[in-house]
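Coordinates in review
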Amino acid sequence: MKQQYKSYQQTCDFLENCVNKYPDIIKIESIGKTWENRDIMLATISLDVQHADLKPAMLYTGTVHAREWIGNELGVAFIDYILENHLSNPSIQQTLTNNTLYIVPCLNPDGFEYSRTHFSFWRKNRRDNGNGTFGVDLNRNFSVGYQKSQDTSSNVHSGPHPFSEPETTAMKNFVDNHENITIALDYHSQGNVFFPAHKFNHESEYNGTALNTICANMNHEIHKVTGRKYGIHRGKPPTKLISGSGREYYYSKGIIAIVVEVGTRNIPDFMQNMQESIDENIPALLRTLSEAQNHSKKAPHTIDKFCIDRCTQNEISLSWDYPDTKEIYFEIYRNIENKRSCTEKNLVCQTYNRSFTDVQLKSNTPYYYYIRAVNNATKIKSPFAPKTKAKTALDFNEFSKTLFPKPNDVGYVAQKMKETNLKHFGINSLFIGVNKSKGKSYGVMKYDLSGIPQNAIIKDISISLYPLNRVNAKIEKFGEWKISFVDQDSISELTDFDQIDNAIHIETLGASIPSEKLTQGIWSHWILNESEKKIFQEQLQHQSVVFKIHGPTTLPDGRDSQMMMFDLGYGKFGGGLHYRPNIDITYTMPPKTKEIVATTTASISNENVNYDELICGFDQDNNKIYGLMEFDLSSLPEHDKTVITDCYIQIKNKSASKTKQDIRYNVEFADIEEISYKSIQHRDRIEFIGYEVSHTDISSRKTHKFIFDKYSTIALEDLHNKNINPRFIIKPTSSNIKNHLVKWHNDTAVKLIVNYIDKRNHPVNTITRLEVSEQKGKVKLTWDNPKDKDFKGVYVVRNRFHIPTNPLDGDKIYAGTDNYTLDDFGNPFICKYYSVFTYDNVPNYSKPISIKFEGLGI
Ligand SMILES: [Zn+2]
């Protein structure tokens, strides 16, 4: 099996052959000698390769770790693919015209050969440490964040000092001397995950969106080949995941640097797995190579202050800053989930303007926007600016709730840890699946539903979990992760493994997430279908709901773990509120009905006004006779707390003159000051109510309903707000008729029927006196809450790049009723913006009250 992998020597021979065959495209050089005197080979690939260093470049490094053979194998396959296809594939030609590839398939030849021929799980290089131990972990030997280690036998021994090793020194020298490198991809195994560079902050990076989007666009290509999606994970806690890595060194030089962890094993079955990894990564690599120029000095500047100006139920308006220039236009991309690709498929706008309004959006839905500038002459694009996001407002009859489990109500129970399962609640992570030490392991979460009315009608619901690092929690390509509703009567203790193991499932959600789609660093969402929503609705009677999360429960021969970690948001290693498991619910309420009998009815003709009757038609001179109806809305609840869902006017006809003519009658919402013929003739019509009734309709049935459209409903709410009685007239539409009358019942039969729900229309007042200070190295915000009995809490958001104008536009710091909060995860040395929104029980969010924090010591 292993003979299918290329040796170091075969790789060198392959490179020599390439140069002989395609001398205009590829050149090779040794950038250094290893301890065992092997050459570290680097290939340069570009059209007209002699001028390669003048073009923006992408750097590829592989097999830094000896046992991670994918790096060398993919590197060789990538070179081979480019050379064999560059004449026939115009997009490769285009890419190589404008960009250069520097590629080191194997950065650790000594370790690689040692791994191939002697000890397959060898990781380090082959330095003789002088005490009987060998090797330095090259990915701990770069200078950024370097940490000296004493234990030379450790697999992550960092060497005597930064750049003590010939391999890392060779990379340093090459990168330092090639300022044209804009992107660096370092290929490792395993995990099927991207690790973009970061600065060990729990803060967004200015180029975080650019980094994530490169990964997401690679995912777009990978998904086309194998349907797989890699995780995109920036190393949330623990903060110091690795130190002294190549990635951080390249990033410190201004290079967009990403580690790609490929596959599920270091040395996989070549034909079955390695070929798959190679095939899915080549198109992804080509796409990223074509991006090198977009991060170079030739690229337009990144856009500033990309903000959301306005967000309604179905529209979002965006604006941005950019210097005045004729050759630059802008591209805007939209996603409904974080860390998704930006390709032709979701390009929603190209414009020379500095603003854009997106329309026909769904209510109560998060939208993510991305922007880059494009030079119309060169087609070179800028890097992506920091993304912006917003949730559209709730629809007029909607409510929403996001629920989090309490610490004691979320955790995992493992088969082989029965005594300690209690301690798995409210701490660190959910481990779900199966492995040798834990046995079967389930996640459990209970949500308190007492804040949702028991008769609520569930419109939309999704359950979200945040998958964490799976380099440790190794995931291979089998099994799927599911969520079940648990019958709460079948369990008494959430922390008891046997009870959870044997719990009765009311239903397992139809949506499951297979291993290849379960990607760390990207939220997993389970969206409930209609029948699952019904089950959830039934759980409202219990005022709580319990879910069991289960993965695979058995292991194939030779495998020891298939275990996924999800963040709990609690505990020392939890990512905080932002990463807590949650349920997002949109619901409505069954409407109440109010029947309002007309306070005034009248028939109004050219001659006189007759009260207490309702007649319409034509007099002997063919003048119209109008019926008038007026209603008093004061029996409806307060305008600000009422939403009319639908309404209609109901009237009954008593008698009508006979005619063979096609006469029709309609009801009009009319603005008349006084009840007189003259004022009706000069009336302002607001809107027709419903469709007209024909003479045939009148003879065939007695009761007629005139249903309000959206516009008339809004007009009615407006009059309710102003305490003005609405007036309506009923009249015939046809003319040239004389002496024709329709009489309507006028007593209690004339009704305005209003269906409504109790809901606030407007947010409560904003907070006041927002102040920012520092407390023990943390940022502290304080404010005064509004005094309003409908006030339910405040929502605090942080954004590093612009004032957050929407509760979703940044990292959530706090939600609750306190009048202060500490930013536990932020870096206090960084300048940033905070916004505080108030909300009621709908929730309606107030306008933000915002403050800039300048950063400590700046
Ligand atoms: Zn590695």
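Reading the values: rules and limits
- Residues numbered from 1 in each chain as written.
- Predicted model: local features only at pLDDT ≥ 70, side-chain atom pairs only at ≥ 80, totals over all residues.
- Heavy atoms only, no water.
- Donors = N, O, S within 2.8 Å, 3.2 Å for Na, K, Ca; no water.
- Tetrahedral: all angles 85-135°; square planar, octahedral: opposite > 155°, others 65-115°.
- Buried < 20%, exposed > 50% of the residue type's maximum accessible area, 1.4 Å probe, protein only.
- Pairing = 2+ DSSP bridges.
- Helix = DSSP H or I, 4+ residues; strand = E, 2+ residues; numbered from the N terminus.
- Axes fitted to C-alpha atoms, helices over the stretch in contact; angles between N-to-C directions.
- Patch = residues over 30% accessible without salt bridge, like charges linked within 9 Å, V, L, I, M, F, W, Y side chains within 5 Å.
- Areas by Shrake-Rupley, 256 points an atom, 1.4 Å probe, with all protein chains shown as cover.
- Salt bridge = Lys/Arg side-chain N within 4 Å of Asp/Glu carboxyl O.
- Lys, Arg positive; Asp, Glu negative; His and termini not counted.
- Charge placed at Lys NZ, Arg CZ, Asp CG, Glu CD.
- Arc of directions from axis to C-beta.
- Contact = heavy atoms within 4.5 Å.
- Polar contact = N/O pair within 3.5 Å; in protein donor to acceptor, adjacent residues only side chain to side chain.

**Considerations on the coordination of the zinc ion**
Those protein atoms acting as donors to the zinc ion are His65 (ND1), Glu68 (OE), Glu68 (OE) and His188 (ND1), and they sit at 2.0 to 2.4 Å. Every donor counted, the 4 donor atoms about the zinc ion form angles of 57 to 148° at the centre, which fits irregular coordination. Each donor residue of the zinc ion belongs to the same chain, and together they define the spacing H-x2-E-x119-H. For the pair histidine 65 and glutamate 68, a shared accessibility class is recorded, and that class is buried.

**Things to note about the sheet that holds strand 20 (residues 457-465)**
Read across the sheet, 4 strands follow the order 16-27-20-24 without closing on themselves; strand pairing throughout is antiparallel. Strands at the two margins of the open sheet, each flanked by one partner only, are strand 16 (399-403) and strand 24 (524-527). Between one strand axis and the next, the sheet turns through 15° on average, direction left out of account. In terms of strand pairing, strand 20 meets strand 24 through 4 bridges, oriented antiparallel. Its bridge partner lying in strand 24, serine 462 is registered against isoleucine 527.

**Some points on a negative patch on the surface**
A grouping of Asp671, Glu673, Glu674 and Asp684 is seen on the molecular surface, where their side chains present a negatively charged patch. For glutamate 673, the location among the structural elements is in the loop between strand 34 (664-671) and helix 11 (677-681).

**Things to note about the pattern of salt bridges**
What the rule picks out here adds up to 45 salt bridges. For aspartate 498, the salt bridge identified is with lysine 418, shortest N-O distance 3.3 Å. Taken together, the residues span a long stretch of sequence, with aspartate 498 in helix 9 (residues 497-502) and lysine 418 in the loop between strand 17 (410-414) and strand 18 (429-435) at a distance of 80 residues. Residue glutamate 668 is joined to lysine 731 by a salt bridge in which the shortest nitrogen-to-oxygen separation is 3.5 Å. Of this pair, glutamate 668 sits in strand 34 while lysine 731 sits in strand 37 (residues 727-732), and the two are 63 residues apart along the sequence. Comparing glutamate 668 with lysine 731, the two get one shared label, buried. Overlapping salt bridges, with partners in common, bring together Asp640, Lys641, Arg760, Asp790 and Asp840 in one network.

**Considering helix 3 (residues 90-98)**
Along helix 3, the residues that are buried comprise Ile92, Thr95 and Leu96. Viewed end-on, helix 3 has its buried residues packed into an arc of 90°, placing them on one side of the element. On its buried face, helix 3 is in contact with strand 2 (39-45), helix 2 (70-85) and helix 8 (270-290). The residue sitting at the N-terminus of helix 3 and contributing the capping side-chain oxygen is asparagine 89; that oxygen lies 2.8 Å from the backbone nitrogen of serine 91.

**So, the sheet that holds strand 45 (residues 832-839)**
Taken together, the 4 strands give an open sheet; going across it, the order is 43-42-45-46, and neighbouring strands pair in antiparallel fashion. Edge positions in the sheet fall to strand 43 (811-816) and strand 46 (849-853), since each of these pairs with one other strand and no more. Averaged over all pairs of adjacent strands, the angle between their axes in this sheet comes to 20°, without regard to strand direction.

The values reported here are purely geometric and, on their own, carry no functional implication.
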